[in-house]
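Survey of secondary and tertiary structure
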Amino acid sequence: MRVMVLSNIFPPHVRGGYELGVLEVARTFAAAGHDVEVVTSTAVGAQRRVRRADDVATREVFAPVLAYEPDLADRLQDSAVWSHDRTDAFGGVIPANVVALAREIERFRPDRIWMGNPLGLGPVGIFETALSARVPVIVHLMDDVDRYLLGYRRPIHWLSRVARLKRGMTAVSCASHVRAMNSVVGEYGAHLVVPNGVDFAAFPTRAEPLLRGGGPLRLVYFGQVEPMKGIPQLIAGIDAFAASPGSMPFELDIIGPASTSYGAELAAEIASRHLDDRVRVVGRLEKSDLLARLAGYDAAVLLLKQDEPFAYASLEAPAAGLPVVITRGHAVADAYPSDYPLFVDDRDDAESVSSALRWCASHEHDLPVLGRDLRAHLLRRCDTTTAVNPRYLEILEHARAADRPTDVDALLAGALTVEAHALSINA
C-alpha cells in the first residue's frame, strides 16, 4: 500500500518523543513493504535540532510551525497578531496548509493516511483535507487534541464540524485516558488503545545486573526541560533529599532541550539552592548518544504530570535497565507493576519525592535488580517488535474509509467566512 504519514513536525525538527515515535511508525510501515512518504512542516533555523531521517522519504510541504516555539511565545504573548495566528494553528484552519496537503494527496495518491499530531498546522483543515482523499484515515493520538480545539476557537468556531469529521476517522490512542480526553468534541468512528512502545533491543544494558561499585548515586532526567515536565518539582525534591540526615552523595544530570528563558530560570534555581556541584544541565543530546549514556546511571527520575499521555522516557529508562522514580500517572500506572516501590503519588510534595530517592539510597544494591525486573515486565507489553508494531500494522490494514468524503473547496470557503467574521470583530 501507499501510506502517507502526516505529522506537524518531524526530524530534524523535534520537541520530544512524539516526533521520534512517528518516525519509528513510518519505518515500521516501510519495513513491512509499504510505500511510505512523510509529509510535514518546513524546519527552519533553530528548528533543525537533530539529525535528519534520511532513510524515510520526507516532504516538508507545510509552513514552519512557530506556535510551539517557547521563546517566541514569551516575547509575543501580548501580540494580537500572534494570538490570531495561534488560534488558527491550534484550533482552526491554515488555508496554505490545506492547499499543500491537497496537492500532496493528488500527487502521491495514498491508500492510507496515518496522521500524527495535527496541532500547529490548523487541525480542522488537516482533518477535512485528509478525508477528502477518500481513503482510510488513522489519527495517532499522543496528546490532548480536543483541549486545544476547545481552547483555541473563534466566535464562529469549528466544533460541530470537528465532531462530524471525527466520525469518518479511526483513532489510535496511546493510553485509555488519552482516548477519554480526545472523546470530548465528538467521537471517532473507531477508537483503539495501543500503548506506546520502544525497541528494547536497541538499548544497551549490562549483561547481568551488577552491584553498584560505590561512589555517588547517579541520577538522570531526560526529555523536554520545561516546567510542565516536572523540573521544578525535581529540583525541590532533590534539594529535600540533599538536606536529609545522612543522605548519600549523588549526582543528577538533566538532559534535554530548554527554552532560553526557562534555561536561565532553572540555572538560577539550582544555584540558589546550592546544588551547582551536584546537578548538571547537560542540554540536548542526539538519541544515539543518549542511549549509549543511559546504562551508566543508577536510576532515572521522571516526575511527569498525572495526565501525561504516555511519555517515551518512562519506557526508555527501563529499556536501558534503569529503575525509575516516577509519578503514578494514568498511563504509567497501567503499564508498571502495581506494587512498584518508586511511585510518587504527589509530585508537588517535595518530601514524597525525597522519600523515593531515600529508598534508592537505602536500597542502592537492589537498584540493578529492580531495573532488570521492570525491564522484563514492560518488554512483554511495550516492545515495538513483539507487541506494539504488529497492532499498528493490523489497524493500518483494516481501517475503513469515511462514508461521506469531504470537499476542500467547501472547507476553504468556510475558512474565509470565519476569518472575515473575526476580522470584522477586531475592526
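Reading the values: the criteria
- Residues numbered from 1 in each chain as written.
- Predicted model: local features only at pLDDT ≥ 70, side-chain atom pairs only at ≥ 80, totals over all residues.
- Heavy atoms only, no water.
- Phe/Tyr/Trp six-rings, centres within 6.5 Å; stacked < 30°, edge-to-face > 60°.
- Helix = DSSP H or I, 4+ residues; strand = E, 2+ residues; numbered from the N terminus.
- Buried < 20%, exposed > 50% of the residue type's maximum accessible area, 1.4 Å probe, protein only.
- Lys NZ or Arg CZ within 6 Å of the ring centre and 35° of its normal.
- Salt bridge = Lys/Arg side-chain N within 4 Å of Asp/Glu carboxyl O.
- Core = buried A, V, L, I, M, F, W, Y, C linked by side-chain atoms within 4.5 Å.
- Contact = heavy atoms within 4.5 Å.
- Pairing = 2+ DSSP bridges.
- Axes fitted to C-alpha atoms, helices over the stretch in contact; angles between N-to-C directions.
- Lys, Arg positive; Asp, Glu negative; His and termini not counted.
- Parallel < 35°, antiparallel > 145°, perpendicular 65-115°, else oblique.
- Left-handed = near helix turned anticlockwise from the far one by under 90°.
- Nonpolar A, V, L, I, M, F, W, Y, C, P; charged D, E, K, R; others polar.
- Polar contact = N/O pair within 3.5 Å; in protein donor to acceptor, adjacent residues only side chain to side chain.

Turning our eyes to something else, we now look at the packing of aromatic side chains. Within the structure shown, the criterion is met by ten aromatic pairs. Here Phe29 and Trp114 contribute two aromatic rings whose centre-to-centre distance is 5.1 Å and whose plane-to-plane angle is 75°, an arrangement assigned as edge-to-face. Remark: Trp114 occurs in strand E4 (residues 112-115) and Phe29 occurs in helix H1 (residues 17-31); sequence separation between them is 85 residues. Across the pair, exposure class does not vary: Phe29 and Trp114 are buried alike. Taking the centre distance of 5.4 Å and the plane angle of 75° together, the rings of Tyr340 and Phe343 count as edge-to-face. On the accessibility criterion, Phe343 (11% relative accessible area) is buried. By the ring-pair criterion, three or more aromatic residues cluster together here, those being Tyr68, Phe90, Tyr148 and Tyr152. The side chain of Arg2 reaches across the aromatic face of Phe108, ending 4.3 Å from its centre. Over the aromatic face of Tyr68 sits the side chain of Arg15, whose NZ or CZ is 4.1 Å from the ring centroid.

Across all of its chains, the model carries 26 salt bridges by this definition. Between Arg293 and Asp253 there is a salt bridge; the shortest N-O distance is 3.2 Å. Of this pair, Arg293 sits in helix H11 (residues 287-294) while Asp253 sits in strand E9 (residues 250-255), placing them 40 residues apart in sequence. Since its relative accessible area comes to 32%, Arg293 is described here as partly exposed.

Below, the discussion takes up the nonpolar core. Side chains that are nonpolar tend, in soluble globular proteins, to be buried together. Counting residues in each nonpolar core, the largest one holds 137 residues, and the members touching the most others are Trp114 and Tyr336. If we ignore the near neighbours within four places in the chain, the residues touching Trp114 are Met4, Val5, Leu6, Val25, Phe29, Ile138, His140, Val172, Tyr392, Ile395 and Leu396.

Below, the discussion takes up the sheet that holds strand E1 (residues 2-6). One open sheet holds the seven strands; their spatial order is E3-E2-E1-E4-E5-E6-E7, and the pairing between them is parallel. Every interior strand has two partners, whereas the edge strands, strand E3 (58-62) and strand E7 (190-193), have only one. For this sheet the average axis-to-axis angle between neighbouring strands, irrespective of direction, equals 20°. Strand direction decides the pairing type here: E4 and strand E5 (residues 137-141), joined by three bridges, are parallel. Its bridge partner lying in E5, Met115 is registered against Val139. Lying on the sheet, helix H5 (residues 123-131) is in contact with E1, E3, E4 and E5; it crosses E4 at an angle near 165°.

Within the secondary structure layout, Asp143 lies in the loop between E5 and helix H6 (145-151). Here Asp143 sits buried without a salt bridge, and the closest side chain of opposite charge, Arg147, lies 4.4 Å off (N-O distance). Setting aside its immediate chain neighbours within four residues, Asp143 contacts Tyr18, Tyr68, Asn117, Leu119, Tyr148, Val178, Asn182 and Pro309.

Right, let's talk about the packing of H1 against helix H16 (residues 384-398) for a bit. The N-to-C vectors of H1 and H16 enclose an angle of 70°; their axes lie 10 Å apart at closest approach. Put simply, H1 runs roughly perpendicular to H16. Once H1 is placed against H16, the crossing between them reads as right-handed. In this structure, H1 uses Val25, Thr28 and Phe29 to contact H16, whose residues at the interface are Asn389, Tyr392, Leu393 and Leu396. Among the residues making up the contact of H1 with H16, the classes are represented as five nonpolar, two polar and no charged.

Turning our eyes to something else, we now look at the side chain of Thr28. Tracing the backbone through its elements, the reader meets Thr28 in helix H1. At 3.0 Å, the side chain of Thr28 and the side chain of Asn389 are in polar contact. Sequence-distant contacts of Thr28, defined by excluding residues within four places in its chain, comprise Asn389 and Leu393.

Two numbers describe a pair of packed helices, the interaxial angle and the distance between the axes. Relative orientation of the contacting elements helix H9 (residues 231-242) and helix H14 (residues 350-362) amounts to 55°, with a least axis distance of 8 Å. Classified by the angle between their axes, H9 and H14 sit oblique to one another. Judged by the sense of rotation from one axis to the other, the crossing of H9 with H14 is right-handed. Contact residues: Ala236, Gly237, Ile238, Ala240 and Phe241 in H9; Ala350, Val353, Ser354, Leu357, Arg358 and Ala361 in H14. Grouping the constituent residues of the contact of H9 with H14 by class yields eight nonpolar, two polar and one charged.

Attention now moves to the sheet that holds strand E11 (residues 299-302). Spatially, E10-E9-E8-E11-E12-E13 is the arrangement adopted by the six strands of the open sheet, whose pairing is parallel. Every interior strand has two partners, whereas the edge strands, strand E10 (279-283) and strand E13 (343-344), have only one. Two elements, strand E8 (residues 217-222) and E11, share two bridges in a ladder whose sense is parallel. Directly across from Leu219, in E11, lies its bridge partner Ala299.

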